[in-house]
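Examining the three-dimensional arrangement
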Amino acid sequence: MGRFHRHTDGTVHEHEHPDVRHDVGDHTGYRESGTVRVEVLENLLAENDRVAAANRLDLERAGVRCVNLMSSPGAGKTTLLRRTITALSGTLQLGVLEGDIATSLDADELASLGAPVSLVNTSAGFGGECHLDAVMVRSGLGRLALSDLDLLVVENVGNLVCPAEFDVGEDARAMVYAVTEGEEKPLKYPVMFRAADVIVVNKVDLLPHLDFRMDRFLGHLRDVNPHARVIHASARTGEGVDEWCAWLLHVHGTPTQRG
Amino acid sequence: MCQAIVDTVTAHASGRQVRRVTVRIGHLRQVVPDSLSFAWEVLTEGTELAGSELVVEHVPAVVECAACGERTTLDWPVLVCAACGAVDVRLVSGEEFQIASMDVAEEVP
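Residues numbered from 1 in each chain as written. Chains lettered and ligands numbered in written order. Predicted model: local features only at pLDDT ≥ 70, side-chain atom pairs only at ≥ 80, totals over all residues. Heavy atoms only, no water.

Turning our eyes to something else, we now look at the sheet that holds strand β8 (residues 172–178) of chain A. All names here are of chain A. One open sheet accounts for 7 strands, arranged β6-β5-β7-β4-β8-β9-β10; its pairing is parallel. Single-partner strands in this sheet number two, and they are β6 (117–121) and β10 (229–232). For this sheet, the mean inter-axis angle between neighbouring strands, taken without regard to orientation, is 20 degrees. In the sheet, strand β5 (residues 94–100) pairs with strand β7 (residues 151–155) via 5 bridges, with the strands oriented parallel. Of the residues in β7, the one forming a bridge with G95 is L152. (Pairing = 2+ DSSP bridges. Helix = DSSP H or I, 4+ residues; strand = E, 2+ residues; numbered from the N terminus. Axes fitted to C-alpha atoms, helices over the stretch in contact; angles between N-to-C directions.)

So this is what it looks like as structure tokens:
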């Protein structure tokens, strides 16, 4: 039977066979050939979650609410944000933490509309990561004057998989999904669809030209996430942008006329 | 992801020779065991963890139903009770992403 004991570093381990002596084989590499099982039980995202909690605390102290905005590449996050900055101008000071693998194209575009933008290029020192994690967001937060902001939107790297795994310190998670991506993606990428509090179904102006069946998509979505709010929108025409902005105001805590 | 395992294990090993590392991954996590094993070989090459084995322990997705109280296992990422079909379920397991244990060469007392 194993015998548990605790080391000074806090790890607990058990000898699997303390009474068996290994007298055969080559033992020149080490004096004992026994193997000890060390219980670790450490969450692999523990470090990320610690930094996310620090981000959340900093944002809360500065009175800033934070939304993590995720989607696949080309779903329309930046176009929606461009509309959002214009629509909320004068009501709410919006800041953007822009995550892109490379280039400052999106960041430059949003900054030209008057929103403070902090760019995190994940290829510069972060190994070309396909998502933002709490540490990268922390470095981006350091370049923003948080006390000047009401709401911060973290525009994550375009990717339907990895961003959903990392808490960055946000208050709510939003996802942009383009109808050109097909009906079945909620079942194929359930982690992100399940993580989202709101899903902006974008590019609805293209529906007459597509075979996309909204009822099928919504059925799949409800299967993986029965609670998410759905907003039908076209960032190109502006349809649904009011409803999206009302949701952002709700996250911020501003009373809206629509309730 | 795999680098996080390497870092955590290296810290816990504190110089001891590591032979096997067991990670526990929930069914609902987007982790491919073969990719993880491949990444493990690449990342440990030339380090003190070289030659160690990575064992991936799969944790099934289990939900508990608020309506009928049954605990059922899911194959599909759709969160419904397999007993009564209700969607008001609480996830009991399936989101694990944890280093469970590691086997190290026994220390000389």
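All right, on to the pattern of salt bridges then. Throughout the structure, instances matching the rule amount to 19 salt bridges over all chains. Taking the shortest distance from any N to any O, the salt bridge between R90 of chain B and E64 of chain B comes out at 3.3 Å. Of this pair, R90 of chain B sits in strand β5 (residues 89–93) while E64 of chain B sits in strand β3 (residues 61–65), and the two are 26 residues apart along the sequence. Using a relative accessible area of 24% as the deciding quantity, one classes E64 of chain B as partly exposed. It is possible to trace a salt-bridge network through shared partners that takes in R37 of chain A together with R20, E53 and D103 of chain B. (Salt bridge = Lys/Arg side-chain N within 4 Å of Asp/Glu carboxyl O. Buried < 20%, exposed > 50% of the residue type's maximum accessible area, 1.4 Å probe, protein only.)

Attention shifts here to the sheet that holds β3 of chain B. Residue and element names in this part refer to chain B. Reading across the sheet, the 3 strands line up as β4-β3-β5 and stay open at both edges, with antiparallel pairing between neighbours. The open sheet has two edge strands with one neighbour each: β4 (71–74) and β5. Sheet twist, expressed as the mean angle between neighbouring strand axes with direction ignored, is 35 degrees.

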